[in-house]
Amino acid sequence: MNIEEAKEIMRVIDGNIKSQNYEYDYLAVVKSISIEDGEYWYYLSQVLRDLPESNEMDLRDNGALAAAIYASEKSYGFSPNSAGTIAEKILALTMPNSRFECKSKYGV
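Everything numeric here is computed off the predicted structure, so don't read it as measured data.

### What to know about the overall build of the protein
Of the regular secondary structure elements, the protein holds 5 helices and 0 strands. For the protein, the succession of helices and strands along the chain, N to C, is α-α-α-α-α. Buried residues in the protein amount to 36% of all 108 residues. Considering only contacts within the protein whose residues lie at least 6 apart along the sequence, 66% involve residues at least 24 apart. Total accessible area computed for the protein in this model is approximately 6,200 Å², and 52% of it derives from carbon and sulfur atoms.

### Digging into the confidence of the model for the protein
The share of residues in the protein with pLDDT of 70 or more is 86%, and the mean pLDDT across the chain is 82. The element-level mean pLDDT for the protein is lowest in helix 5 (residues 83-106), coming to 59, with helix 2 (residues 26-31) highest at 96. Confidence over residues 97-108 falls short of pLDDT 50; this stretch has 8 contacts with residues more than four positions distant or in other chains.

### Things to note about helix 4 (residues 64-78)
With 15 residues, helix 4 should reach 21 Å at 1.5 Å per residue; the first-to-last C-alpha distance of 21 Å fits that figure. Within the sequence span of helix 4, burial applies to A64, L65, A67, A68, A71, S72 and S75. Down the axis of helix 4, the smallest arc covering the buried residues is 150°, so these residues share one side.

### Considering the packing of aromatic side chains
Centre distance and the angle of the planes are the two values used to describe a pair of aromatic rings. Tallied over the full model, the rule gives 4 aromatic pairs. Taking 4.8 Å as the distance between ring centres and 70° as the angle between the ring planes, the aromatic pair formed by Y24 and Y26 counts as edge-to-face. A residue is classified by how much of its surface remains accessible, and Y24, at 17% relative accessible area, is buried. Residue Y26 is classed as buried on the basis of its relative accessible area of 2%. On the numbers, 6.2 Å between centres and 75° between planes, the contact of W41 with Y70 is edge-to-face. One end of the pair, W41, is in helix 3 (residues 38-48); the other, Y70, is in helix 4, and 29 residues separate them in sequence. The exposure class of W41 is buried, given its relative accessible area of 0%. A network of ring pairs unites the aromatic residues Y40, W41 and Y70 as a single cluster.

### Observations regarding a nonpolar patch on the surface
Side chains of Y76, I86 and I90 sit close together on the surface and give an oily, nonpolar patch of about 240 Å² of accessible area. Counting through the fold element by element, I90 comes out in helix 5.

Reading the values: rules and limits
Starting from 1, residues in each chain are numbered consecutively following that chain's sequence as written. Given that this is a predicted model, residues contribute local features only at a pLDDT of at least 70 and side-chain atom pairs are listed and counted only at 80 or more, while totals for whole chains, interfaces and linings are drawn from all residues. No hydrogens and no water enter the side-chain calculation; it runs on all heavy atoms of the structure. The helix and strand labels rest on DSSP assignments: H or I over at least four residues marks a helix, E over at least two residues marks a strand, and numbering proceeds from the N terminus. A simple rule labels every residue: compare its accessible area, found with a 1.4 Å probe on the protein chains alone, to the largest value its type can have, and call it buried under 20%, exposed over 50%, or partly exposed in between. Here a residue-residue contact requires only that any non-hydrogen atoms of the pair lie within 4.5 Å. Under the convention used here, a 1.4 Å probe and the Shrake-Rupley method define accessible areas, while residue burial counts only the protein chains that appear. Known as pLDDT, the predictor's confidence for each residue is given on a scale from 0 to 100. Expected span, for any helix, means 1.5 Å times one less than how many residues it has. Note: the arc covers the axis-to-C-beta directions of the helix. The pairing test for Phe, Tyr and Trp rings, Trp by its six-membered ring, is centres within 6.5 Å, and the orientation test on the planes gives stacked under 30 degrees, edge-to-face over 60, and tilted for anything in between. Within this analysis, patches are made of residues with over 30% relative accessible area and no salt bridge. Like charges are joined at 9 Å or less; nonpolar side chains (Val, Leu, Ile, Met, Phe, Trp, Tyr) at 5 Å or less. What counts as a salt bridge is simple: a side-chain nitrogen of Lys or Arg found within 4 Å of a carboxyl oxygen of Asp or Glu.

Here is the structure:
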């Protein structure tokens, strides 16, 4: 797989998140990507943990959050000492908890 194909997959994933496609298997798609580029995985993780306008996180076993955690782990594997990579992994892992806390506390 070349970088252009991987970028196209990222655009498709972004579109599916924005359209709240809960039938899309984000995890299978992300696991099919064969790019050895930590920066790509870093940005893919950010795209995957983005919320649609409804602010509803896809918490399915093969949903966007599971894929974001997978992508952040791939990114971390390329540069484990990078502060941004570590922060992204923490954000992906804590996203559901912080989101639920925010929703219950502020109604958002």
